[in-house]
Amino acid sequence: PAQPRPGPAPLNPGESRSLHPGFVGRLRIFKASWHCPNLNGLRPVVSTEAPPIIFATPTKLSSDFTAYDYAGKNKVPELQKLFQKSDGVPIHLKRGLPDQMLYRTTMALTVGGTIYCLIALYMASQPKNK
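Residue numbering note: each chain is counted from 1, following its sequence as written. Reporting in this predicted model follows two pLDDT cut-offs: at least 70 for local features of residues, and 80 or more for side-chain atom pairs to be given and counted; totals over whole chains, interfaces and linings ignore these cut-offs and use all residues. Calculated side-chain values reflect all of the structure's heavy atoms, with hydrogen atoms and water omitted.

In the nomenclature of an unreviewed UniProt entry, the protein corresponds to Cytochrome c oxidase subunit 7A2 like from the organism Felis catus. Within the UniProt record for the protein, the comment given under Sequence similarities (unreviewed entry) is "Belongs to the cytochrome c oxidase VIIa family." UniProt's Subcellular location (unreviewed entry) comment on the protein is quoted here verbatim: "Mitochondrion inner membrane". UniProt positions are given in the numbering used here, feature names are shortened, and annotations may be inferred rather than shown by experiment.

Dropping the structure here:
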């Protein structure tokens with residue numbers, strides 16, 4: 001008489017029947033071989049000393065600060081005069097040659113990109129020859 005085929009191995013807690021049987025076997029071997037490493041002699045990863053304070057109270061009082069407690073000159077008044085002068089020049093070209101070069105480069109790239117996109121759209125709309 002024919003012997004009945006053995007069924008699948010019983011599942012361990014946390015295993016699923018949807019896994020391939022060969023994978024389940026390898027998973028059991030891996031779980032059996034996994035062990036905790038020897039932790040003797042290792043230093044702690046986390047520092048035992050307190051971290052430096054980031055948001056500490058300032059060392060200067062607010063009354064000690066002056067209006068000009070930074071390096072550099074205040075350029076706002078002269079820039080206001082430059083930009084508010086009514087000389088017929090658009091605001092984005094008021095500072096001279098650097099603004100003109102930036103404006104012209106931007107316009108050239110914009111027009112060139114538009115033409116390139118239109119050419120690509122035209123080529124994509126044409127049927128392919130076989």
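K.L.:
Pulling in residues and values, what's your account of the overall build of the protein?
P.N.:
Looking only at helices and strands, the protein has 3 helices and 0 strands in total. Each helix is a run of H or I in the DSSP string that is no shorter than four residues. Each strand is a run of E no shorter than two, and both are numbered from the N terminus. Each helix and strand of the protein, placed in order from N terminus to C terminus, yields the pattern α-α-α. Buried means the residue's accessible area, taken with a 1.4 Å probe over protein chains only, is under 20% of the maximum for its type, while exposed means over 50%, and partly exposed covers the values in between. Counting all 130 residues of the protein, 4% fall into the buried class. Here the Shrake-Rupley method, with its probe set to 1.4 Å, supplies the accessible areas, and only the displayed protein chains count as covering residues. Looking at the protein as shown, the accessible area adds up to about 13100 Å², and 65% of this sits on carbon and sulfur atoms.

K.L.:
Now, about the environment of Lys 73: what can you tell me, with residues and values included?
P.N.:
Along the chain, Lys 73 turns up in the loop between α1 (21–33) and α2 (76–84). Using a relative accessible area of 61% as the deciding quantity, one classes Lys 73 as exposed. Distance and chemistry together define a polar contact, namely a pair of N or O atoms within 3.5 Å, with one atom able to donate a hydrogen and the other to accept it when in protein, and with adjacent residues in sequence counting only for side-chain atoms on both sides. Reaching out from Lys 73, the side chain makes a polar contact with the side chain of Glu 78 at a distance of 3.4 Å.

K.L.:
Which residues make up the UniProt feature "transmembrane region" (unreviewed entry) in the protein, and what values do they have?
P.N.:
The UniProt feature table records "transmembrane region" (unreviewed entry) at residues 101–124. A helix fraction of 100% and a strand fraction of 0% characterise residues 101–124, whose end C-alpha atoms lie 34 Å from each other.

K.L.:
If you had to explain the pattern of salt bridges to someone new, which residues and values would you point to?
P.N.:
Salt-bridge detection follows one rule: a side-chain nitrogen of Lys or Arg within 4 Å of a carboxyl oxygen of Asp or Glu. Under the definition given, this model contains 2 salt bridges. For the salt bridge of Lys 94 with Asp 87, the shortest nitrogen-to-oxygen distance reads 2.9 Å. Note on Lys 94: relative accessible area 13%, which makes it buried. Relative accessible area serves as the criterion here: at 42%, Asp 87 is assigned to the partly exposed category.

K.L.:
Can you tell me about the side chain of Asp 99, naming the residues and giving the values?
P.N.:
Secondary-structure assignment places Asp 99 in helix α3 (residues 97–125). Within the buried core, Asp 99 has no salt-bridge partner, and the shortest N-O distance to an opposite charge, that of Arg 95, equals 5.3 Å. The contacts of Asp 99, once residues within four sequence positions are left out, are His 92, Leu 93 and Lys 94. We treat Lys and Arg as the positive residues and Asp and Glu as the negative residues; His and chain ends play no part in the count. Contacts between residues were defined by any pair of non-hydrogen atoms, one from each residue, lying within 4.5 Å.

K.L.:
Tell me about the side chain of Lys 94, and name the residues and values.
P.N.:
Inspection of the secondary structure assignment puts Lys 94 in the loop between α2 and α3. Once residues lying within four places of it in the same chain are set aside, the contact partners of Lys 94 are Leu 82, Phe 83, Lys 85, Asp 87, Val 89 and Asp 99.

K.L.:
Any details on the confidence of the model for the protein? Residues and values, ideally.
P.N.:
A score between 0 and 100, pLDDT records how confident the predictor is in each residue. Here the protein averages 76 in pLDDT, and 54% of its residues register 70 or above. Here α1 is the element of the protein with the lowest mean pLDDT, 60, and α3 is the one with the highest, 97.

K.L.:
For a nonpolar patch on the surface, give the residues involved together with the corresponding values.
P.N.:
A patch is a set of surface residues, each over 30% in relative accessible area and not in a salt bridge, joined within 9 Å for like charges and within 5 Å for the nonpolar side chains Val, Leu, Ile, Met, Phe, Trp and Tyr. On the surface, Val 111, Ile 115, Ile 119, Tyr 122 and Met 123 cluster together into a nonpolar patch covering about 530 Å² of accessible area. Among the secondary structure elements, Met 123 is positioned in helix α3. A residue is classified by how much of its surface remains accessible, and Met 123, at 58% relative accessible area, is exposed.

K.L.:
Before we move on, can you summarise the environment of Leu 79 with the specific residues and values?
P.N.:
Position of Leu 79 among the secondary structure elements: in helix α2. When its relative accessible area of 30% is taken as the criterion, Leu 79 is described as partly exposed. Between the C-alpha atoms of Leu 79 and Arg 95, which are 16 residues apart in sequence, the distance is 9.5 Å.

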